[in-house]
Amino acid sequence: MEYDFSKLNDREFETLAASVIEKIYNLKVEIFKSGRDGGVDGRFWIGDKKEGIIQCKHYFSTPYSQLISKLKNDELAKVKKLNPNKYIFITSKTLSRINKKEILNVFKPYIQNESDIWGQEDLNSFLSKRENQDVVERNYKLWITSTSVLDILINNAIKGRSQFTIREIEEKSYRYVVTENHNKAFKILEENNVIILTGEPGIGKTTLADNLAILYTAKGYEFCDIEENITEAESLYRENEQKKILFYCDDFLGSNIYDAINNKKDSHIVKFINRIRKDNSKKFILTSRTNILNKAYSLSHIFQNLKIRDNEFLLTIENLTNIDKAKVLYNHIYHSKLPKQFIDVIYKDKGYKDIIKHRNFNPRIIEFITDSSVIGNTKSENYWTYILQSLNKPEVIWEGYFQNQTDDFVRTLTFLTVFNNGKISEEYLRDSYNTYLRIHLLNFGDNSDKSFESVRKLATKSLLNRNQIGNEKYEYVLFNPSIADFVLGAYSNEIDLICNIFKSLNSQVSIDYLHTLLRNNKINKVYKSRILENLFDFFYESKLNDEDWDFLIALSSIDIFNDAINKRLETFLNIIITADKPSGERLWELLFILTEFEPKIKFQNFEFLYGFIDDVYDEDTLKRLLDFVDENDIDDENILMQINILLDKYLQSIVNDNDLDIDYSKHITNSYSYYDGYYEPDVDINGIEDEIRQNLDSFLDGFNENILDKISFSTSDILSSIDIDSKVNRFLENYEPDYDRDSHGGFYFGGSSEDDIDAIFER
C-alpha cells in the first residue's frame, strides 16, 4: 500500500507521527501546539518518570544531504538539552539503510537502535497493515489520498459524469482542512440522510460537500453526480433499491431557480429528498447559495409545506472559528507555489492575522490570493496591497486578471461559458466561438493564432476547466464560480456584447439563463425590451423555418407583453396552432402564453397539443393542462385520453418511487416483542391500504375537478396494482428501534484558542 505524504502539510504530518507512536506503544502521546518546538513534536512517558520524545521532519522532496545537515547542525543540540530517555525520529523522506545508520550515529545514545528511525517506507509498511487502519482513518487526508481509497472512489462512481466528478474532487482534496463544519455536517447527514449545505459564495459549501462525498464513497456508497434533472437519480434508485448510493448535487437550483419552480421541478425535488430521508441505505448531499434557497422557499409552496429547510445546515462564515480560518490559510500557503518573498509578505508583522480576522475572509478568496497563476505579474512589494484589495472588494476579485492579463478571445470563451449558465460542451463552444468572431468586432492585435484550439488552451486552467465527459467528449466549466459573479457585474450594461453572445450561443439553455438574469436583475430590466427585440430580429425567421418551436416559446415567454414583438408573437402563435404535427417539451410556457397573450388566439381545433403532451410528469404542468382544457371547453378525445394516461403515469411514478408518505410505524404493533431472538412485528395491512388510498387521492388535490369528472379518473386501478407486502418488507428491512447514534469518531481536532494562531504560523 502506498500513501501520498506529499498531500499533508507539516502540521498534519506531525499529527500522523504521534498517532503511529501512540498505537505502537499503547501510550498517550501529547501533541504540542505548532510553533518553535525546541525539538519536541510529541511527548510520551515510559513508566512514571522516563520521558520519550518524538521529532518529525516533513522533508518529502528535500535532498537527504539537507536533512542530515539540519539534524547535525540544529537538532542534535536540542536533543542534548532535552536529554530524553527515548528519542524517536520520523521523516516523510525515503531512507536507505546507510541513511539510518548515519542518523543513528548522530543521535547516539538518545536513539538506541534503527527501529526508532522511521522513513517513508516504514510508515507505509505500518499503515498498510489491517490492524492499523484506524490510524489511517483518523488522519483524514492521508486516508482519502491512499491508493486503496482512490481505487474505491473510482470503482464506486457511476460511469460517466460521476467518474469525472469524483476524480476532480480527489485531485483537490489535499487542500482540504477538516473543521468543525465537517463534524456537524457529518452528524446531520448520518441522522437525516440528506443535507443541504447553504451559505454565501466562496464560503466552502462545495469543498465540504466534495469531502463528505469522498468520505461516504470510500465507505462503500456508490457515487452519483446529478444535475437538476432528478429523473436520472430516480431511475438509478429504482434499479438499485438495496444498494448504498450517495447522490450529489452541487449548486442545487442554481441560477435556474425560476426555471426550476416555474417548470415545476420543485415537487419532484422535494419528493426525492423525502424519499431519501426514509432510506438509510441512501444519502443525498446538496449545496445551494443562501439567497437562492431563501428565494426558492419564498416562491415555492411545496418547499414550504414539505419543510425542505428541515434538512438545512446553514454554512456561514460565522461557523468558522479563527483557528479554522488559520488552518485554511496556512494549508493554502503550504501547498501554493508562491515564491518565498511573497510568503514573507503574509508573515510580515503577523499579516496573516489581518487576513484571518478580515470581515470578508472566505476560502475562495484565500484560494485566489495564494494562486501564483492568478497573481500574474504582481511584484512582491505590491502583494500586500493586492491581498487587501481582494479582501476589501471581493466582487471584483477577477477584474485585474480578466481585463489586463487576457485578450478579447480568451474573454470570449469565458463570456460564452458564463452566459450558457456556466457549462458548455466543447463542440458547442467551438461553434459559438466561431459565430461570435463573425458577428462581433474584436481587437485582433498581433498575428498570434486565434483559432479555437489555440485560444481554448490559453483559457483552460486560468478562467475555464476542460473536463472529459465521455469518449473524446469534453465540457467546459468556469475555473471558479466567482468568475460569473464578476462578469455579470462588470458587463451587465454591455448590451451589444450580451446580445451577440446569445446570438452566438443559439440555445434554449442560454435563453432560459437570460430569462433568469433579467428576473434576478443581473441584467438591468430597462434593457429587456431592447435585448428581446434584438434577439427576435435575429432568430425569428430562421427558427420559424426550422420549426424550432421550443426555442421560440422560450424566447417569447421572457416578455409576452412587449409591444416590439407583439405582431411577430401573434403570428408565431397562429402558425404553431395550425402547423402540421408540431411538437415540443415546453408545454407549461406554451399554455401560459396562449392563456395570457393579447389579443386572444382563436382556436379552430386543439390538435397542435398532441405533440406537446406525450411526456408530462410534473404536477403543475399537468394542473395547467387540465385548467387550459377546462377553460377552452376542449372535448378532443385524444387529448382527454392522453390526460387520463398522464395522470395515471404521474401517480404511478409516485408509487414506483415509494414516495407515498406512509408512516408504516403507525401500523406496526408489538415490534419489540421477541420470539426465539427475533423481532415479530404485527402489521395492519388494511390500515396501510386505507392510508395509501387517502394519500393517492390527496395527490390529486388542486387538479381541475371538472376535467377529473369528465374523464372519470379513479385511483382504484393504481391502488390494486401496488404490492403492499413488498413495501412493508422493504420498510422492515430498514426499520430500527430508536437509539442514540454513535457520534462520528476518528478525527482529532485541537482547541480553538486565538493564542494558537501564532503557533500555527510559527516558522
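Residues numbered from 1 in each chain as written. Predicted model: local features only at pLDDT ≥ 70, side-chain atom pairs only at ≥ 80, totals over all residues. Heavy atoms only, no water.

Asks: Give me the overall build of the protein chain: which residues, what numbers.
Replies: Along the backbone of the protein chain there are 39 helices and 17 strands. Within the protein chain, the proportion of its 763 residues that are buried is 53%. In the form shown here, the protein chain has an accessible surface area of approximately 35300 Å², with 44% of it arising from carbon and sulfur atoms. (Helix = DSSP H or I, 4+ residues; strand = E, 2+ residues; numbered from the N terminus. Buried < 20%, exposed > 50% of the residue type's maximum accessible area, 1.4 Å probe, protein only. Areas by Shrake-Rupley, 256 points an atom, 1.4 Å probe, with all protein chains shown as cover.)

Asks: Which residues make up the packing of helix H7 (residues 147-156) against helix H10 (residues 205-218), and what values go with them?
Replies: Packed helix pairs are characterised by how far apart their axes lie and by the angle those axes make with each other. In the contact formed by H7 and H10, the axes pass within 9 Å of each other and the chain directions differ by 95 degrees. As judged from the angle between their axes, H7 and H10 are roughly perpendicular. Contact with H7, carried on its side by Val 149, Ile 152, Leu 153 and Asn 156, involves Ile 214, Thr 217 and Ala 218 of H10 and no other residues of that element. Tallied by class, residues from the contact of H7 with H10 come to five nonpolar, two polar and no charged. (Axes fitted to C-alpha atoms, helices over the stretch in contact; angles between N-to-C directions. Parallel < 35°, antiparallel > 145°, perpendicular 65-115°, else oblique. Contact = heavy atoms within 4.5 Å. Nonpolar A, V, L, I, M, F, W, Y, C, P; charged D, E, K, R; others polar.)

Asks: Account for the pattern of salt bridges, naming residues and giving values.
Replies: What the rule picks out here adds up to 38 salt bridges. Residue Lys 353 is joined to Asp 758 by a salt bridge in which the shortest nitrogen-to-oxygen separation is 3.3 Å. Of this pair, Lys 353 sits in helix H18 (residues 351-356) while Asp 758 sits in helix H39 (residues 756-761), and the two are 405 residues apart along the sequence. Classification of Lys 353 as partly exposed rests on a relative accessible area of 21%. According to the relative accessible area criterion, Asp 758 is buried, its value standing at 18%. Its salt-bridge partner being Glu 426, residue Arg 430 comes within 3.9 Å of it at the nearest N-O pair. Of the two residues, Arg 430 and Glu 426 both sit in helix H24 (residues 426-439), four residues apart, roughly one turn of that helix. Beyond isolated ion pairs, a larger network of salt bridges with shared partners links Glu 426, Arg 430, Glu 453, Arg 456 and Arg 466. (Salt bridge = Lys/Arg side-chain N within 4 Å of Asp/Glu carboxyl O.)

Asks: For the environment of Asn 500, give the residues involved together with the corresponding values.
Replies: The residue Asn 500 is located in helix H27 (residues 495-505) in this model. The sequence separation of Asn 500 and Leu 416 amounts to 84 residues, and the corresponding C-alpha distance is 9.9 Å. Non-local contacts of Asn 500, meaning those with residues more than four positions away in its chain, are made with Tyr 436, Ile 439 and His 440.

Asks: Describe the sheet that holds strand E2 (residues 42-46), naming the residues involved and giving the relevant values.
Replies: A sheet is described by the order of its strands in space; here five strands give the open sequence E1-E2-E3-E4-E5, paired in mixed fashion. Only two strands of the sheet have a single neighbouring strand rather than two, namely strand E1 (30-31) and strand E5 (117-118). Sheet topology note: the E2/strand E3 (residues 50-57) ladder contains five bridges and is antiparallel. The residue of E3 that forms the bridge with Gly 42 is Ile 54. The strands touched by helix H1 (residues 10-25) are E1, E2, E3, strand E4 (86-91) and E5; relative to E4, the strand with the most contacts, the crossing angle is about 130 degrees. (Pairing = 2+ DSSP bridges.)

Asks: Run through helix H3 (residues 97-107), naming residues and quoting values.
Replies: Each full turn of the α-helix corresponds to 3.6 residues, which orients residues three or four apart in the same direction. All of the buried residues along H3 are Asn 99, Lys 100, Ile 103, Leu 104, Val 106 and Phe 107. End-on view of H3: buried residues confined to an arc of 160 degrees, all on one side of the axis. Structural note: H3 exposes Arg 97, Ile 98 and Asn 105 on the side pointing more than 90 degrees away from its buried face. The secondary structure elements touched by the buried residues of H3 are helix H2 (64-82), E4, E5 and helix H4 (120-128). (Arc of directions from axis to C-beta.)

Asks: Please provide a residue-by-residue account of the packing of aromatic side chains, values included.
Replies: We describe a pair of aromatic rings using the distance from one ring centre to the other and the angle between the two ring planes. With the rule as written, the count across this model stands at 38 aromatic pairs. Judged by centre distance (5.1 Å) and plane angle (40 degrees), the ring pair of Tyr 87 and Phe 107 falls under tilted. Placement of the pair is Tyr 87 in strand E4 and Phe 107 in helix H3, with a sequence separation of 20 residues. For Tyr 87, a relative accessible area of 0% gives the class buried. Note on Phe 107: relative accessible area 0%, which makes it buried. Here Tyr 383 and Tyr 386 contribute two aromatic rings whose centre-to-centre distance is 6.2 Å and whose plane-to-plane angle is 20 degrees, an arrangement assigned as stacked. (Phe/Tyr/Trp six-rings, centres within 6.5 Å; stacked < 30°, edge-to-face > 60°.)

Asks: How would you summarise unusual backbone geometry if you had to cite specific residues and measurements?
Replies: Put simply, Lys 108 and Pro 109 share a cis peptide bond, and its omega is 5 degrees. Its location among the elements puts Pro 109 in the loop between H3 and E5. Of note, the bond from Glu 598 into Pro 599 is cis; its omega dihedral lies within 30 degrees of zero at 5 degrees. Of note, Pro 599 is situated in the loop between helix H32 (587-596) and helix H33 (619-631). Look at Asn 421: it is not a glycine, yet its phi comes out positive at around 65 degrees. With respect to the helices and strands, the residue Asn 421 is situated in the loop between helix H23 (408-418) and strand E11 (423-425).

Asks: Any details on the packing of H33 against helix H34 (residues 637-656)? Residues and values, ideally.
Replies: At a minimum axis separation of 11 Å, H33 and H34 run at an interaxial angle of 155 degrees. Classified by the angle between their axes, H33 and H34 sit roughly antiparallel to one another. H34 is crossed by H33, and the crossing has left-handed handedness. Residues Glu 619, Leu 622, Leu 625, Leu 626 and Val 629 of H33 pack against Ile 639, Leu 640, Ile 643, Leu 646, Leu 647 and Tyr 650 of H34. Taken together, the residues of the contact of H33 with H34 sort by class into 10 nonpolar, no polar and one charged. (Left-handed = near helix turned anticlockwise from the far one by under 90°.)

Asks: Explain the pairing of strand E8 (residues 245-249) residue by residue, including any values.
Replies: Most of E8 sits inside the fold, with five of its five residues counted as buried. Of the two faces of E8, both are covered, the one formed by Ile 245, Phe 247 and Cys 249 as well as the one formed by Leu 246 and Tyr 248. Note that strand E7 (residues 222-225) and E8 share four bridges and pair parallel. Note that in E8 the partner of Glu 222 across the bridge is Ile 245. Pairing analysis gives five bridges linking E8 to strand E9 (residues 282-289), with the strands arranged parallel.

Asks: So what's going on with H27? Which residues, and what values?
Replies: Burial of H27 is extensive: 10 of the 11 residues sit out of reach of the surface. Of all the positions in H27, only Ile 495, Leu 497, Ile 498, Cys 499, Asn 500, Ile 501, Phe 502, Lys 503, Ser 504 and Leu 505 are classed as buried. Buried residues along H27 sit against H23, E11, H24, helix H28 (508-519) and helix H29 (528-546). One or two positions beyond H27, positive phi appears at Asn 506, with a value near 55 degrees.

Asks: Break down the nonpolar core for me, with residues and values.
Replies: Judged by nonpolar contacts, the single largest core of 138 residues is most densely connected at Phe 419, Phe 572, Leu 647 and Phe 761. Here the element with the most residues in this core is H34; it accounts for nine residues. The contact partners of Leu 647, leaving out residues within four places of it in the chain, are Leu 622, Leu 626, Leu 700, Phe 703, Leu 708, Ile 711 and Phe 713. Formed by 52 residues, the second largest nonpolar core is a distinct cluster that contains Phe 13, Phe 44, Ile 195 and Leu 197. (Core = buried A, V, L, I, M, F, W, Y, C linked by side-chain atoms within 4.5 Å.)

Asks: I'd like to hear about the environment of Phe 284, residue by residue, with values.
Replies: Mapped onto the fold, Phe 284 is located in strand E9. Residue Phe 284 is classed as buried on the basis of its relative accessible area of 0%. For the pair Phe 284 and Val 194, spaced 90 residues apart in sequence, the C-alpha to C-alpha distance is 4.7 Å.

Asks: Before we move on, can you summarise a negative patch on the surface with the specific residues and values?
Replies: A cluster of acidic residues, Asp 697, Asp 701, Glu 705 and Asp 709, forms a negative patch on the protein surface. Overall, the relative accessible area of 61% leaves Glu 705 in the exposed class. (Patch = residues over 30% accessible without salt bridge, like charges linked within 9 Å, V, L, I, M, F, W, Y side chains within 5 Å. Lys, Arg positive; Asp, Glu negative; His and termini not counted. Charge placed at Lys NZ, Arg CZ, Asp CG, Glu CD.)

Asks: Explain the sheet that holds strand E13 (residues 473-478) to me, and be specific about the residues and the numbers.
Replies: Sheet architecture is open: three strands sit in the order E11-E13-E12, paired in antiparallel fashion. A strand with exactly one partner marks an edge of an open sheet, and here the two such strands are E11 and strand E12 (464-470). Strand-to-strand, the axes of this sheet are offset by a mean angle of 25 degrees, without reference to chain direction. Two elements, E12 and E13, share six bridges in a ladder whose sense is antiparallel. Paired with Gly 470 across the two strands is Lys 473, which belongs to E13. Those strands touched by H24 are E11, E12 and E13, and its axis lies near 90 degrees from that of E11.

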